[in-house]
Amino acid sequence: MVDLFRFPVQVVFGEGGIREIRNFLRGFGKHALLVTGSGPTSRLPAVEQLREMLVREGLALTHFPEIRPDPDVETVERGVALAKAEGCDFVIGLGGGSPMDAAKVIAARLNNEGEVTAWEGVGRIPRRSKPLICIPTTSGTGSEVSWVAVITGGKRRQKMSIVSHFLYPVLAIVDPQLTYSMPPELTASTGMDALTHAVESYVSRKAWEPTRAISAAAVRLIFSHLERACQDGTDTEARRGMALASFMAGMAFTTSGLGLVHALAHALGSHFGISHGRANAVLLPHVMRFNLPSCPETYRELAAAMGMRVEGLPAPRAAEKAVEAVEGLLASLPLPRNLDRLGVPGSSLESLAAEAFLNTRMRSANPRETMLEDLVGILKEARG
Ligand SMILES: [Fe+2]
């Protein structure tokens, strides 16, 4: 039996960490493409700060502020064209999961010809990417330390997971100060994405000692800090705890993979444009309840990490406490609690389940063997 732990990313963590970028720029190139969202992140002070720091080092920066949620192949190609026209030789992704994922695929496309849609799946990018730096402004996706990028495209306009060790950034800068301006709802939904990463990576069939230790630490951090970060965005300790949890959960899932919550959430995002974090938040307790019988002891450990008292309880009851802990946390957050509230019609559950079922990578990492009707059952439970 051989296990693998992937982690080829250098991480700078801490308040003001963005200023450290100057110490890592040598050898990257002369001209950066900065990829950001088209909304408020495009006007963050960090954008001008990055430009000034690069200019001080004798480097140039071209800003591509066009990434919308769930970026598509066409947007990626516009970024590639701009980078080529301007002579950019490295890429910086600043923002939430969408800009960072787009930056990853732009960096890959700059060194690879061909169709991005042909890269769906694992290990399909032929050659190494241009150097890439990722700087998250939310605490949730973990994209800054993972080898996955989710891009919308293909004939059915579905969310494609592109997975490759050429998608790892060279450097991730996790600066909690960049998350201070997140409103409560975004703090909650991205935080629930981080919790879902931590839980799914903990119970994954590919989890082992180092990933479990990291996933459990992320769970503890989220249960200590998420509610606080939502209630008071100026709580710097809570923001720091969530920033740390987010990248640690990403560090775990890049090795152990994710499960049914993510398979279903991607289908909800593709069909109804539901934000990834909100979809995860609704689905997580229901998928946990489905999975419990397959590994009650693992869920007992999770319940303990969530701060529940489980000593002396029989395994099934102790495992149930993990679901109760997640439901308790959700009750304190400003998020919709069921699929009805997310605007998902009951008539769509079968097709959503069928699409999620095609995700064999996530289905095989999930601890419980899953049939198509199981996915339909989970969605029915989640309807409300
Ligand atoms: Fe996620």
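Note that this is a predicted model, so its numbers are computed, not measured. Along each chain, residue indices are assigned from 1 in the same order as the chain's sequence is written. Restriction of local features to residues with pLDDT of at least 70 applies here, the model being predicted, together with a cutoff of 80 or more for giving and counting side-chain atom pairs; totals for whole chains, interfaces and linings are based on all residues.

Looking only at helices and strands, the protein has 13 helices and nine strands in total. Computed over the C-alpha atoms, the radius of gyration of the protein is 20 Å, within 12% of the 21 Å expected from 2.2 N^0.38 for a compact globule of 384 residues. Considering the protein as a whole, with its 384 residues, one finds that 55% of them fall into the buried category. Looking at the protein alone, contacts between residues at least 24 apart form 77% of all its contacts between residues at least 6 apart. Segments assigned H or I by DSSP are reported as helices when at least four residues long, segments assigned E as strands when at least two residues long, and all are numbered from the N terminus. Values of the radius of gyration come from C-alpha atoms, whereas the globule rule sets the reference at 2.2 Å times the count of residues to the power 0.38. Here a residue counts as buried when 20 or more other C-beta atoms fall within 10 Å of its C-beta, as exposed when 12 or fewer do, and as partly exposed in between; the C-beta atoms come from the backbone. For the purpose of contact definition, each residue receives a C-beta atom placed from its backbone, and two residues are in contact when these atoms lie within 7 Å.

Okay, helix α13 (residues 372-382) next. When α13 is considered as a whole, its buried residues turn out to be L375, I378, L379 and A382. Viewed end-on, α13 has its buried residues packed into an arc of 95°, placing them on one side of the element. Buried residues along α13 sit in contact with α7 (260-272), α8 (276-291) and α11 (349-357). Immediately beyond the C-terminal end of α13, within one or two residues, lies G384, with a positive phi of roughly 125°. The reported arc concerns the directions from the helix axis to the C-beta atoms and nothing else.

What follows deals with the sheet that holds strand β3 (residues 60-67). Two strands in a sheet stick together by hydrogen bonds in their backbones, pointing the same way (parallel) or opposite ways (antiparallel). Note on pairing: DSSP must find at least two bridges between two strands before they are called paired. What the six strands build is an open sheet, ordered β1-β9-β6-β4-β2-β3; its pairing is parallel. Of all the strands in the sheet, just β1 (10-13) and β3 have a single pairing partner and so form its edges. The sheet shows a mean angle of 20° between the axes of neighbouring strands, direction not considered. Across two bridges, the pairing between strand β6 (residues 132-136) and strand β9 (residues 171-174) is parallel. Each residue of the ladder has a partner; that of I133, found in β9, is L171. Across the face of the sheet, helix α1 (residues 45-56) comes into contact with β2 (31-37), β3 and β4 (90-95) while running at roughly 155° to β3. Axis definition: a line fitted to C-alpha atoms, over the contacting stretch in the case of helices. Angles run 0 to 180 degrees between N-to-C directions. Against the sheet, helix α2 (residues 73-86) contacts β2 and β3, and its axis sits at roughly 165° relative to β3.

The subject of this paragraph is the domain arrangement of the protein. Note: interface size is frequently given as the accessible area lost on complex formation between the parts. When its domains are assigned, the protein resolves into domain 1 (10-179) and domain 2 (184-382). Note that the domain bounds reflect an automated or database-derived domain assignment. On a C-alpha basis, the centroid separation for the pair domain 1 and domain 2 is 26 Å. Taken together, the 24 residues of domain 1 in the interface contact 28 residues of domain 2. Contributions of two or more residues to the side of domain 1 that touches domain 2 are made by β1, β8 (158-163) and β9. As a working rule, the residues Ala, Val, Leu, Ile, Met, Phe, Trp, Tyr, Cys and Pro are called nonpolar, Asp, Glu, Lys and Arg charged, and the rest polar, with Gly in that last group. Here the side of domain 1 that touches domain 2 is composed, by residue class, of nine nonpolar, eleven polar and four charged.

The mixed open sheet is built from three strands, whose spatial order is β5-β8-β7. Two strands lie at the open edges of the sheet, namely β5 (121-122) and β7 (148-153), each paired on one side alone. In this fold helix α3 (residues 97-109) packs onto β7 and β8, with an angle of close to 90° to the strand it touches most, β7.

The next subject is unusual backbone geometry. One non-glycine residue, D70, adopts positive backbone phi at about 55°. In this fold, D70 is placed in the loop between β3 and α2. Residue classification places D70 among the buried positions, given that 21 C-beta atoms sit within 10 Å.

In this section: the environment of K84. Looking at where K84 falls in the secondary structure, it is placed in helix α2. Since 12 C-beta atoms lie within 10 Å of it, K84 is described here as exposed. In sequence terms K84 and M100 are 16 residues apart; their C-alpha atoms lie 19 Å from each other.

Now for the nonpolar core. Defined on buried residues, the nonpolar core groups Ala, Val, Leu, Ile, Met, Phe, Trp, Tyr and Cys residues joined through C-beta atoms within 7 Å. V91, I106, A218, V219, I222 and L264 are the most contacted members of the largest nonpolar core, which has 127 residues in total. The element contributing the most residues to this core is helix α6 (residues 236-256), with eleven residues. Residues lining this core come from more than one domain, with at least three contributed by each of domain 1 (10-179) and domain 2 (184-382). If we ignore the near neighbours within four places in the chain, the residues touching I106 are L33, V35, V76, G79, V80, A83 and V91.

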